[in-house]
Structure formats: C-alpha cells, structure tokens
Amino acid sequence: MRRTPLPALALPAACLLLLTACGTERPGAAASAAPSTAQDCGAGAATGSGPPAGAEASTGSGASAGGASPGGDEVVVIGTGTAPGADRTRPCATYSVTNRGTEPFTYTVTFRFLSARTGTGLVNPEETVRDVAPGRTVRRTVTPEGISPDAASGPVRAEVLTVRSVPAAEESSRGGACPPTGVRVYADEGDAAMGLRVVGLHLENCGTRPYRLKGYPRVEPLDEDHVRPDGVSVLEGGDAIASATGADGPPEQLVLAPGERAHAGLVWRNTVDSVTEGPVNAPYARVWAKPGAAPVTVIPEFDLGTTGKLGVGPWKKEKGR
C-alpha cells in the first residue's frame, strides 16, 4: 500500500474471540482454528517457537491483522481462556506470530479487549515479540492488566488492533545492552496539535568512545509494506513545515562523549487539500544517524496528508548531558 485511496477507510481486520471467565474451551475465528483451553493462558505456557509457518498456515486463517508487515496475516488469536493471578483469575488470549519474510523481524502487537455484552473497550495491551526467524511461528499469551473484576467476570472479546514489524537487526532501543554500534537511536511518542505533528529522534552514545555528528539524520519514510511511498518529500529543517517546533536552526558539529545524547525533530502536518489524491500514511522510518552509520527502523506513524511533506531538523546536543 502506497497511498490510502479516498474516501475509503483502511480498517484493521480483527480476530474476535469470546473469552469466558471460567476458561472453557473456545475455538478460534476460523473453522480450522485449533481450540484453546485455559492452560494455554497459564503462566509460562504456550510460548516458544512453533513449527515452520507452512505447518500452521490454516490456524486462524480468517483472522488477519491490520498493519502487518510483508506477507500479511502474521498475528492470529488462536485461543482464549483465563490465567491465574495473585488475587483472581484474569482474561487472557493465546496468539501466534508468523514471519513470512526472508529475515528476522521484531513485532509490536496492540490488542484490544472489550466487553462482549456492551462492546465497551476495556484495555489495549501492547506486546513485543522479538527476533522471529523467517519461516517460523512463535506462540505467546497476553494477560492484560487494568480490567476490573466486574468486567472480567463476564464474557470478554479480544482482537488484534494493529501490528507493526521491523527488521530485528534494525530494532531501536531505549535501554538494555549497548548495540555493537556504540549508539542507541529511538523515537519518542511525539506531540500532535491542530494537525501538526512533532516526533523527536534521540541518539545516545552508550559506547566507550566519542561519537561525532554533523548535519541532519537521513530519514526514509516507509509504508506498511516497508516500501517508500510515492509522493513523499523529505525536507531539511522543521521550519520547512512550521516554525517554533525546536527542529530548526543551522546544523552544528557535535562530539558526544560516552553517556551524552543528541536529538533531532521530525515535523509534518496531516493536511488534506486534494480531493483526487489519497493521504500518505507511512508508519515506519528508516534512520541513518550520519553517513555510513547502520540504519535503525523506528515507528513514528507518519500521516502526511496529501502534501506528503516531512521536515527533518538538525542534530542538537541535549542540555544537561
């Protein structure tokens, strides 16, 4: 998908399954889906690598997940039940993730749990499944927090809301072990107001040597198929989109000592001013901190409207670092 046609809306396909508080068996959405018992949602159960993707191709075949990476239908809810908690049992769902690509991927999956009686949304837990090898299926469970005892005592539905995937070798990181490159690059949650979007790129020198930066990061927006959309213009400086965003000013020569950080702003507007062209949506951005640097893929969820313009600010050293 390169552009979203108007006026149709792209809605994520959902895998809806009924959860009961007693944890009895419930089949998946498709007739071929294997039933799942409460044990599937127990602590430590239903995890690890499954058989190759082809061996489970029929499981949950009618429950594709919106926003998937190449191949589609990677995440399927295959069963539901209850999991024991400290004070009570909790609703849970067992799901599988299949990598139909040619390299390892890391998946970020957002689920939605709803009351089956009223349709009221209860909680949207997010799960990360890392380093799924190509052609493999892994199985996981999600047991969300924050569902009240009253809501959990009645029937609950679970659905896959969104799926995002990045090459495992390009996964961004805010913490943990320092990457072999000696730097961490990641995107923050951003800010949106009146159609203006500002997301920060952050770079931390977690290595043992000084790290030099000058100019602008290279940013390549990518659509749901990990392909650059048509009609996208990447401009130097946030002021190419709007003023006073903090993503402006001349580029500077920076030297980051170990532990120091820098940031750069990504600025765009969700402006729709065409009735013939659909808006450009690109959930991913491939980022090179400087020429020759290893790329990192982040998920800023670009909704660039019909203008398709993205402003990239220069690297600036973070104060107090």
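Below you will find a few notes about this structure. Owing to the predicted nature of the structure, the values given are computational and were not obtained by experimental measurement.

Spatial ordering of the open sheet is given by β14-β19-β20, a layout of three strands whose pairing is antiparallel. Both outer strands of the open sheet, β14 (218–222) and β20 (296–298), are each paired with one neighbouring strand and no more. In this sheet, adjacent strand axes meet at a mean angle of 25 degrees when their direction is disregarded. Alignment of strand β19 (residues 284–288) against β20, held across three bridges, turns out to be antiparallel. Its bridge partner lying in β20, Ala285 is registered against Val298.

Here we take up the packing of aromatic side chains. Summed over all chains, the structure comprises three aromatic pairs. Ring geometry for Tyr95 against Phe111: centres 4.7 Å apart, planes inclined by 55 degrees, an arrangement best described as tilted. You can see Tyr95 sitting in strand β4 (residues 89–98) and its partner Phe111 sitting in strand β5 (residues 105–115), a full 16 residues away along the chain. Accessibility classification places Tyr95 together with Phe111 in one group, the buried group. Taken together, a centroid distance of 4.8 Å and an interplanar angle of 85 degrees make the contact between Trp268 and Phe302 edge-to-face. Taken together, the residues span a long stretch of sequence, with Trp268 in strand β17 (residues 261–269) and Phe302 in strand β21 (residues 302–303) at a distance of 34 residues.

About the cut-offs
Residues numbered from 1 in each chain as written. Predicted model: local features only at pLDDT ≥ 70, side-chain atom pairs only at ≥ 80, totals over all residues. Heavy atoms only, no water. Pairing = 2+ DSSP bridges. Helix = DSSP H or I, 4+ residues; strand = E, 2+ residues; numbered from the N terminus. Axes fitted to C-alpha atoms, helices over the stretch in contact; angles between N-to-C directions. Phe/Tyr/Trp six-rings, centres within 6.5 Å; stacked < 30°, edge-to-face > 60°. Buried < 20%, exposed > 50% of the residue type's maximum accessible area, 1.4 Å probe, protein only.

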